[in-house]
Amino acid sequence: MDGGAPAENGVSPIEVRGLTMRYGPLVVTENLDFKVRRGEIFVIMGGSGSGKSTLLKHLIGLKAPAEGSILFEGEDFLEADEKTRKGILRRMGVLYQNGALWSGLTLAENVALPLEEYTELDTTSIGEVVSLKLALVGLRGFEAFYPAEISGGMRKRAALARATALDPEVLFFDEPSSGLDPITASRLDDLILQLRDSFGTTIVVVSHDLDSIFRIADRALFLDIKEKTMTAMGTPEALRESPPTDEVRRFMTRSSEAGPSEEPDAPREEKAQERRDDP
Amino acid sequence: MGLEVRREAETLIVELVGDWELSDAVPRFAPLLENDSEAPAAQAVDFDATGLGSWDSSLLTFLQQGMIHCEAHDLEFRSGNLPEDIARLLELARAVPEQETERASAELPFPAAMGTWGLAAWDGLMEAVTFLGEVADSFLRLVLFRLRMRWRDFWVVVQSNSSGALPIVTLIAFLVGMIISFLGAVVLRRFGAGYFVSYLVGYGMLREMASLMTGIIMAGRTGAAFAAELGSMKITEEIDAYRTLGISPVDHLVVPRVLGILVTMPLLTVYAGFIGILGGMVVAIMVLDLSVTQFTGGLLQAVTLSDALLGVFKGTVFGLIIGLAGCMKGLQTGGDASAVGKATTSAVVLGITLIIAANAVIDWLAVLLNI
């Protein structure tokens with residue numbers, strides 16, 4: 001997985017500048033600055049309550065930043081007009097934590113809805129695309145099932161079929177392995193890797209599952225609940241070998257013990273460059 | 001469970017005896033020190049657990065009290081003589097210092113509470129206006145054929161509001177018709193005007209009660225269902241999934257529902273009026289000894305088409321209110337399961353309140369316009 005991300009070319013798909021997130025008066029995270037590179041798998045990690053999911057909600061435009069801005073392909077979602085905004089949304093897909101399939105629609109209708117909304121395809125073609133998308137996630141033959149009739153893992157895969165219906169350039173995953181057994185979770189990881197390799201999709205994953213992070217992540221960002229900001233960014237291997245803070249070390253090595261008192265400043269210096277891609 | 005207290009120099013020794021169980025009461029720690037009158041005052045607390053039998057959280061709770069008490073009164077708390085596993089658990093409970101949570105638990109002073117309430121009310125109003133604007137926009141696009149309608153949702157609503165609602169509407173309307181007729185029977189018979197009971201029943205049912213009762217039933221039935229449906233969809237992130245696909249949840253979820261109830265409410269009102277008159281007739285025949293011909297004759301003489309149309313108009317307005325209130329509260333649902341309950345409740349309360357208010361306004365206008 002080392003260096004899987006291709007070099008930056010032109011504008012980055014997602015750029016976060018000086019983002020501060022709040023829930024009411026409560027500051028969740030301050031001063032986030034990062035860029036996601038095209039075609040990479042970028043993992044946002046951190047402990048429970050560190051603001052991972054909140055950050056995701058900001059990235060997909062469901063929450064407005066308290067301060068700072070988020071650029072999607074160089075465009076600010078919130079300042080864009082209705083048409084640009086729809087264009088942006090069309091180019092991204094989201095896989096929610098529990099799938100969030102529309103419960104009143106069958107799997108086929110779930111996958112078909114984005115196609116009906118954005119394309120001029122006739123019913124037959126839409127049906128074919130839907131079958132293909134469901135087959136790609138291993139759900140051939142489940143077209144007529146309702147979300148409530150299938151298992152959690154299948155629901156997530158069906159949701160992935162829906163999220164990829166319009167061949168998005170950027171895909172967001174909210175805790176893809178939560179609630180799944182290790183085998184199913186690792187299959188989902190396979191799918192994520194394959195999507196990136198075959199379609200060159202840029203993928204942003206929110207996760208705290210270390211196995212999955214080491215497996216899929218090109219780069220990872222660590223949100224620290226106490227510092228209320230990001231304290232590390234880099235490849236997972238680098239973060240494990242030379243963690244910039246003790247909290248990162250504990251997270252990456254799955255340890256609850258206080259750190260050994262080895263000069264914590266030395267690696268931090270080194271990491272500082274990788275931590276921020278200058279805007 | 002037992003406690004003995006003794007003193008050794010400036011140390012208070014608490015002897016823990018027997019079995020400690022949560023099903024017995026947990027003793028208080030503070031009185032042990034307060035009852036200890038021996039001078040000089042104790043400077044430390046130690047334990048003797050040689051007689052201790054089995055124990056559970058009751059002992060830990062007692063010791064935790066002791067620890068907090070000692071900290072507060074600058075006494076030394078010696079846990080060295082406690083069994084090792086107990087000492088370790090106490091250590092664990094102390095390991096993480098009490099978190100400074102930023103939760104505002106303090107009661108606000110009255111003016112601040114009023115201010116908060118006012119701001120919340122203002123926000124609520126703004127949300128309602130925004131929602132109404134979105135719905136109006138969607139309906140405009142529907143009329144201009146620029147909105148792809150989800151007909152299936154529409155037909156589901158129509159079905160549950162027509163055939164599904166008939167039994168309850170029949171029952172209530174019939175009973176209300178009977179009630180009006182009983183009232184008329186008692187009051188009108190005194191003036192020897194029992195014949196006019198059909199006028200009362202017809203006029204009352206068609207103008208007021210048919211639409212009002214149907215509205216209230218539907219607010220509790222359909223309005224609540226809308227709020228619960230959309231509320232659960234909010235919690236399972238299905239609404240978010242619409243938004244992040246750039247599809248308006250109002251177009252897809254609200255329009256078919258509101259349209260569905262808008263179509264069925266007038267029909268139900270007509271039906272309820274008919275059934276109510278039937279109920280009134282039964283009472284009139286049984287109690288007032290009127291014949292069917294007398295009843296219908298009196299009815300047709302006094303009640304006009306405009307009375308019936310006014311009722312149907314009211315039913316339509318009530319349908320709109322129920323649909324909008326239910327969908328709005330559903331979409332505004334907060335983040336957890338209890339929020340769905342709250343949303344459902346407030347959808348019904350808001351629906352019924354607005355229906356009755358609207359009824360009063362329409363009646364007033366009808367009087368002014370002489371309808």
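What counts, and at which threshold
Residues numbered from 1 in each chain as written. Chains lettered and ligands numbered in written order. Predicted model: local features only at pLDDT ≥ 70, side-chain atom pairs only at ≥ 80, totals over all residues. Heavy atoms only, no water. Helix = DSSP H or I, 4+ residues; strand = E, 2+ residues; numbered from the N terminus. Buried < 20%, exposed > 50% of the residue type's maximum accessible area, 1.4 Å probe, protein only. Salt bridge = Lys/Arg side-chain N within 4 Å of Asp/Glu carboxyl O. Pairing = 2+ DSSP bridges. Phe/Tyr/Trp six-rings, centres within 6.5 Å; stacked < 30°, edge-to-face > 60°. Expected span 1.5 Å × (residues − 1). Contact = heavy atoms within 4.5 Å. Buried area = accessible area lost by both parts, 1.4 Å probe. Polar contact = N/O pair within 3.5 Å; in protein donor to acceptor, adjacent residues only side chain to side chain. Axes fitted to C-alpha atoms, helices over the stretch in contact; angles between N-to-C directions. Left-handed = near helix turned anticlockwise from the far one by under 90°.

Novice: Teacher, can you tell me more about unusual backbone geometry here?
Specialist: Trans peptide bonds make up most of the peptide bonds, and negative phi angles are found at most residues other than glycine. All names here are of chain A. A positive phi angle is found at N31, which is not glycine, with a value near 50°. With respect to the helices and strands, N31 occurs in strand β2 (residues 26–36). You can call N31 partly exposed: its relative accessible area is 47%. The residue D167 is not glycine, and still its phi comes out positive at about 50°. For D167, the position within the fold is in the loop between α5 (152–163) and β7 (170–174). The class for D167 is partly exposed, based on a relative accessible area of 47%.

Novice: Can you walk me through the environment of E38(B) in this structure?
Specialist: Within the element layout of this structure, E38(B) appears in the loop between α1 (30–34) and β3 (44–48). Once the C-alpha coordinates of E38(B) and R7(B) are considered, the two residues, 31 residues apart in sequence, prove to be 8.4 Å apart.

Novice: How should I be thinking about the pattern of salt bridges in this particular structure?
Specialist: If the charged atoms of two oppositely charged side chains come close together, the side chains can form a pair. One pass over the structure, following the stated rule, counts 30 salt bridges over all chains. R196(A) is the salt-bridge partner of D218(A), the closest N and O atoms lying 2.6 Å from each other. Placement of the pair is D218(A) in the loop between α7 (210–216) and β9 (219–224) and R196(A) in helix α6 (residues 182–199), with a sequence separation of 22 residues. R196(A) carries the same exposure label as D218(A), and that label is buried. Residues K314(B) and E208(B) are paired through a salt bridge, measuring 3.1 Å at the closest nitrogen-oxygen approach. Separated by 106 residues along the polypeptide, K314(B) in helix α11 (residues 305–331) and E208(B) in helix α7 (residues 197–235) bring together distant segments of the chain. Given a relative accessible area of 0%, K314(B) falls into the buried group.

Novice: Help me understand the sheet that holds strand β4 (residues 67–72) of chain A in this model?
Specialist: Read across the sheet, four strands follow the order β2-β1-β4-β5 (chain A) without closing on themselves; strand pairing throughout is antiparallel. At either end of the open sheet lies a strand with only one pairing partner, and these are β2 and β5 (75–76) of chain A.

Novice: Teacher, can you tell me more about the packing of aromatic side chains here?
Specialist: Two measures describe an aromatic ring pair: the distance that separates the ring centres and the angle between the ring planes. Considering all chains together, one arrives at eleven aromatic pairs over all chains under this definition. Here F142(A) and F145(A) contribute two aromatic rings whose centre-to-centre distance is 5.0 Å and whose plane-to-plane angle is 55°, an arrangement assigned as tilted. Take F145(A): its relative accessible area is 32%, and that puts it in the partly exposed class. Where F47(B) meets F77(B), the ring centres are 5.3 Å apart and the plane angle is 65°; that geometry is what we call edge-to-face.

Novice: Whenever I open this one, the pairing of strand β2 (residues 11–17) of chain B confuses me. Can you help?
Specialist: Residues and elements named next belong to chain B. For β2, a buried count of five out of seven residues is recorded, marking the element as mostly surrounded by other parts of the structure. Pairing between strand β1 (residues 2–8) and β2: seven bridges, direction antiparallel. Paired with V5 across the bridge in β2 is V14. Hairpin geometry of β1 and β2 is characterised by an intervening segment of two residues between the two adjacent antiparallel strands and by a positive phi of about 50° at A9.

Novice: How should I be thinking about helix α12 (residues 337–369) of chain B in this particular structure?
Specialist: Residue pairs three or four apart in sequence face the same way in an α-helix, which turns once every 3.6 residues. The terminal C-alpha atoms of α12(B), which comprises 33 residues, lie 47 Å apart, in line with the 48 Å expected from a rise of 1.5 Å per residue. Of the residues trailing α12(B), N370(B) is marked for its positive phi of about 60°.

Novice: I keep staring at the interface of chain A and chain B and nothing clicks. Help me out?
Specialist: Taken together, the contact between chain A and chain B spans 27 residues of the former and 17 residues of the latter. Between chain A and chain B lies a buried interface of about 1800 Å² when both sides are counted; carbon and sulfur atoms form 54% of it. For the pair chain A and chain B, the number of links is two salt bridges. Connecting chain A to chain B are eight residue pairs in polar contact (both at pLDDT 80 or more). Breaking the side of chain A that touches chain B down by element, the ones donating at least two residues are α2 (82–90), β6 (92–95) and α3 (107–118) of chain A.

Novice: Just to check I follow, could you spell out the packing of α7(B) against helix α9 (residues 249–287) of chain B for this structure?
Specialist: The angle between the axes and the distance between the axes are what describe a pair of packed helices. Their axes nearest at 7 Å, the elements α7(B) and α9(B) cross at an angle of 145°. Crossing of α7(B) against α9(B): the hand is right-handed.

Novice: How should I be thinking about the side chain of E73(A) in this particular structure?
Specialist: Residue and element names in this part refer to chain A. You can see E73 is positioned in the loop between β4 and β5. Its relative accessible area of 13% is what places E73 among the buried residues. Ignoring sequence-local partners within four residues, the contact set of E73 consists of V11, S12, P13, R38, R91 and E169.

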